[in-house]
Amino acid sequence: MDIRLVRAAHAEPLLCQLHPSSSHQDLHFSRCTGDWSWDVPFVMHLPGGRYLVAGPSRSQIVGEADTAEEAVALVVCGLPPGCGPAVVGRREDLDRLDMVPPDQILGDDERRSHTSDQTG
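Cut-off values and rules
Residues numbered from 1 in each chain as written. Predicted model: local features only at pLDDT ≥ 70, side-chain atom pairs only at ≥ 80, totals over all residues. Heavy atoms only, no water. Buried < 20%, exposed > 50% of the residue type's maximum accessible area, 1.4 Å probe, protein only. Helix = DSSP H or I, 4+ residues; strand = E, 2+ residues; numbered from the N terminus. Arc of directions from axis to C-beta. Contact = heavy atoms within 4.5 Å. Polar contact = N/O pair within 3.5 Å; in protein donor to acceptor, adjacent residues only side chain to side chain. 1 Å grid on protein atoms, 1.4 Å probe; cavity = no way out; pocket = protein on both sides within 12 Å on 5 of 7 lines; lining within 4 Å. Points joined across faces, edges and corners; volume = space filled by probe spheres on them. Nonpolar A, V, L, I, M, F, W, Y, C, P; charged D, E, K, R; others polar. Pairing = 2+ DSSP bridges.

### A few points about helix α1 (residues 3-10)
(1) Moving on: For α1, the full list of buried residues reads Leu-5, Ala-8 and Ala-9. The arc that holds the buried residues of α1, viewed along the axis, is 95°, so those residues lie on one side. Pointing more than 90 degrees away from the buried face of α1 are the exposed residues Arg-7 and His-10.
(2) Moving on: Those residues of α1 that are buried lie in contact with α2 (13-16), β2 (26-30), β3 (42-46), β4 (50-54) and α3 (68-77).
(3) Moving on: In this structure Asp-2 caps α1, since a side-chain oxygen of it lies 2.9 Å from the backbone nitrogen of Arg-4.

### Notes on empty space enclosed by the protein
(1) Moving on: All told, the structure shown has 1 cavity of 30 Å³ or more when counted by the stated rule.
(2) Moving on: Split into classes, the residues belonging to the lining of the largest cavity amount to 5 nonpolar, 1 polar and no charged.

### Notes on the pairing of β2
(1) Moving on: Burial runs high along β2: 5 of the 5 residues are buried.
(2) Moving on: Every second residue of β2 is oriented toward a common face, with Asp-26, His-28 and Ser-30 on one face and Leu-27 and Phe-29 on the other, all of them buried.
(3) Moving on: Connecting strand β1 (residues 19-23) to the next strand, β2, in antiparallel fashion are 2 residues, including His-24 with a positive phi near 55°.

### Here's the deal with unusual backbone geometry
(1) Moving on: Of the consecutive residues Gly-55 and Pro-56, the connecting peptide bond is found in the cis state with omega at 15°.
(2) Moving on: Mapped onto the elements of the fold, Pro-56 is located in the loop between β4 and β5 (61-65).
(3) Moving on: Despite not being glycine, His-24 has its phi angle at roughly 55°, a positive value.
(4) Moving on: Secondary-structure assignment places His-24 in the loop between β1 and β2.

### Side note on the environment of Val-53
(1) Moving on: Counting through the fold element by element, Val-53 comes out in strand β4.
(2) Moving on: Its relative accessible area of 0% is what places Val-53 among the buried residues.
(3) Moving on: As a C-alpha pair, Val-53 and Phe-42 span 11 residues in sequence and 5.6 Å in three-dimensional space.
(4) Moving on: For Val-53, the contacting residues outside a window of four places in its chain are Pro-41, Phe-42, Val-43, Ile-61, Val-62, Gly-63, Ala-71, Leu-74 and Val-75.

Structure, rendered in structure tokens:
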């Protein structure tokens with residue numbers, strides 16, 4: 001794996017929240033951990049040390065980049081609206097959350113409080 005690309009992605013807070021994976025030296029990101037959300041652009045390598053950002057499908061080209069940092073910036077520009085931390089679970093769990101209005105999604109502290117209220 002291209003360490004420059006990994007470091008550039010790790011330095012981007014929005015991408016650090018997502019579930020990363022590499023396949024055939026491509027760098028992918030998912031909004032869920034149990035399988036792939038397939039709604040986030042990914043980075044492929046081009047000859048000569050350049051990068052191609054595509055996605056979410058391979059037929060959608062976001063752009064080419066000369067540096068890892070430029071490639072990461074292209075991925076960030078292509079993130080879905082409201083993209084937040086990866087959901088522990090499958091795409092179906094993510095789909096259910098995507099249907100809940102943002103002001104009704106409980107934060108971590110609220111979830112802990114709600115759970116303790118339910119258990120007594």
